[in-house]
Amino acid sequence: MSDALEMTDAGSSAQPRIPDLAEATAFVWAEADLLDRLDYKPWLKLWSDTGKYVIPTDRKAADYAEVLNIVYDDAEMRDARARRLLSGFSMSSAPPARTVRTISRFVVTASGPGFIALRAAQMLAEYKYGHMRFLPADLEFRLVVGPEGGLLIDEKVVTLINAEDYQFGIGYLL
């Protein structure tokens, strides 16, 4: 039986397991490590086929598909963005910035068979051209149990604390 499944009390049908906070936290930290190392190819494999990567401009938006966003990527756009950043042809990523991100304050907002939703705080430090910049953000994740039993990102929303006043380029993934 797959790790992603557990038997119901009746034992007659299988339901996806419910991920816990420790597993979700370890997954998010591993994702942050990939991003800090600019290791985008394995990062792309962390996503569900329907996953959305969003960096909104409106902290209070009810539906990100209906408003302007800094980033609103599906699988195709995530792949194109990662290829561009890795190609050396992206002006904003040549040379690439060095980043270190710290993610903390994990709070489970919902969970059930096959998924866990959580929010967290991120502090990202960027060093490029002899200058340091800090990008604090609120993070929201919806993680789902994938076909192989591990977690996948179904939605990641990175809301910069200054999202409304966003006036700079980002040459890496948040």
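Coordinates for the structure precede this section.
Residues numbered from 1 in each chain as written. Predicted model: local features only at pLDDT ≥ 70, side-chain atom pairs only at ≥ 80, totals over all residues. Heavy atoms only, no water.

Draft legend 1. Examining helix 1 (residues 21–36) more closely. With 16 residues, helix 1 should reach 22 Å at 1.5 Å per residue; the first-to-last C-alpha distance of 22 Å fits that figure. Along helix 1, the residues classified as buried are Ala24, Thr25, Phe27, Val28, Glu31, Ala32, Leu34, Leu35 and Asp36. Tucked into the core, helix 1 has its buried residues touching helix 2 (40–44), strand 5 (98–112), strand 6 (115–128), strand 7 (131–145) and strand 8 (151–160). Regarding helix 1, its N-cap is Asp20, as a side-chain oxygen of that residue lies 3.3 Å from the backbone nitrogen of Ala22 further along. Of the residues one or two after helix 1, Leu38 is the one with positive phi, at around 55 degrees. (Helix = DSSP H or I, 4+ residues; strand = E, 2+ residues; numbered from the N terminus. Expected span 1.5 Å × (residues − 1). Buried < 20%, exposed > 50% of the residue type's maximum accessible area, 1.4 Å probe, protein only. Contact = heavy atoms within 4.5 Å. Polar contact = N/O pair within 3.5 Å; in protein donor to acceptor, adjacent residues only side chain to side chain.)

Draft legend 2. Inspection of the pattern of salt bridges at higher detail. Evaluated as defined, the whole model comprises eleven salt bridges. The closest approach of N and O atoms between Asp33 and Arg37, which form a salt bridge, is 2.9 Å. Under the relative-accessibility criterion, Asp33 is labelled partly exposed at 39%. A relative accessible area of 48% means that Arg37 is categorised as partly exposed. With a shortest N-O distance of 3.6 Å, Arg142 and Asp154 are connected by a salt bridge. With Arg142 in strand 7 and Asp154 in strand 8, this residue pair connects regions lying twelve residues apart in the sequence. (Salt bridge = Lys/Arg side-chain N within 4 Å of Asp/Glu carboxyl O.)

Draft legend 3. Representation of the packing of aromatic side chains in the model. Under the defined criterion, the tally for this structure stands at four aromatic pairs. Arranged with centres 5.7 Å apart and planes meeting at 85 degrees, the rings of Trp29 and Phe106 form a pair that is edge-to-face. Of this pair, Trp29 sits in helix 1 while Phe106 sits in strand 5, placing them 77 residues apart in sequence. Phe106 gets classed as buried once you look at its relative accessible area, which sits at 16%. Between Trp43 and Trp47 the ring centres are 5.4 Å apart and the planes differ by 75 degrees, which places this aromatic pair in the edge-to-face class. The exposure classification of Trp43 matches that of Trp47, with both residues buried. A cation sits over an aromatic face here: Arg142 above Phe115, 4.3 Å from the ring centre. (Phe/Tyr/Trp six-rings, centres within 6.5 Å; stacked < 30°, edge-to-face > 60°. Lys NZ or Arg CZ within 6 Å of the ring centre and 35° of its normal.)

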